[in-house]
Amino acid sequence: MIFAIIGVLLLAAELVYFRIADKCNISEVYFRKLFKAFYGMPPNQYLISLRLNEAKKLLESGYFSQKEIAEKCGFSDVKYFRTAFKSVTGMRIKDFTAK
């Protein structure tokens, strides 16, 4: 049940863990522990990873601007999107789209 609820909320601008935990009738601390045990990483890291994977697909399409992709993938702004992208992939968006 936890993972079905998370799936619905993944690309929301803000994932509120206490709400997910509450829906599952568990504490937020226990939710995070279960999540890390299941996915091998904390919820925030996993969420950013999923958002960036979706962003990569949209970037490869060449159809959307960086700002549009940031919004579609749940990043609060394009600057944070660029920073997260470079932090995880090791390259700038510009370099990724040029390859």
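Preceding block: the structure.
Criteria and thresholds
- Residues numbered from 1 in each chain as written.
- Predicted model: local features only at pLDDT ≥ 70, side-chain atom pairs only at ≥ 80, totals over all residues.
- Heavy atoms only, no water.
- Core = buried A, V, L, I, M, F, W, Y, C linked by side-chain atoms within 4.5 Å.
- Buried < 20%, exposed > 50% of the residue type's maximum accessible area, 1.4 Å probe, protein only.
- Helix = DSSP H or I, 4+ residues; strand = E, 2+ residues; numbered from the N terminus.
- Phe/Tyr/Trp six-rings, centres within 6.5 Å; stacked < 30°, edge-to-face > 60°.
- Expected span 1.5 Å × (residues − 1).

1. Comments concerning the nonpolar core
Among the nonpolar cores identified, the biggest contains 13 residues, and Leu-59, Ile-69, Cys-73, Phe-75, Phe-81 and Phe-85 are the most heavily contacted of them. At the level of secondary structure, the elements contributing two or more residues to this core comprise helix H4 (43-61), helix H5 (66-72), helix H6 (78-89) and helix H7 (93-98). Ranked by the residues each element gives to this core, the list is headed by H4, at four residues. Counting residues in hydrophobic clusters, the runner-up holds seven residues, among them Tyr-17, Ile-20, Phe-31 and Phe-35.

2. Comments concerning the packing of aromatic side chains
For the structure shown, the criterion picks out ten aromatic pairs. Seen from their ring centres, Tyr-63 and Phe-64 are 4.9 Å apart, and the 90° between their planes marks the pair as edge-to-face. Judged by its relative accessible area of 68%, Tyr-63 is exposed. Accessibility expressed as a relative area gives 25% for Phe-64, which makes it partly exposed. Seen in terms of ring centroids, Phe-85 and Phe-96 are 5.3 Å apart; in terms of plane orientation they differ by 75°. Their pairing is edge-to-face. You can see Phe-85 sitting in helix H6 and its partner Phe-96 sitting in helix H7, a full eleven residues away along the chain. Using a relative accessible area of 0% as the deciding quantity, one classes Phe-85 as buried. Feature note: the residues Phe-31, Phe-35, Phe-38, Tyr-39 and Tyr-46 constitute an aromatic cluster, connected by ring pairs.

3. Thoughts on H4
Residues lying three or four places apart along an α-helix face the same way, a consequence of the helix completing one turn every 3.6 residues. For H4, with 19 residues, the first-to-last C-alpha span of 28 Å sits near the 27 Å given by 1.5 Å per residue. Residues of H4 that are buried include every one of Pro-43, Tyr-46, Leu-47, Arg-51, Leu-52, Ala-55, Leu-58 and Leu-59, and no others. Following H4 by one or two positions, Gly-62 has its phi on the positive side, about 75°.

In short, geometric facts, not functional conclusions.
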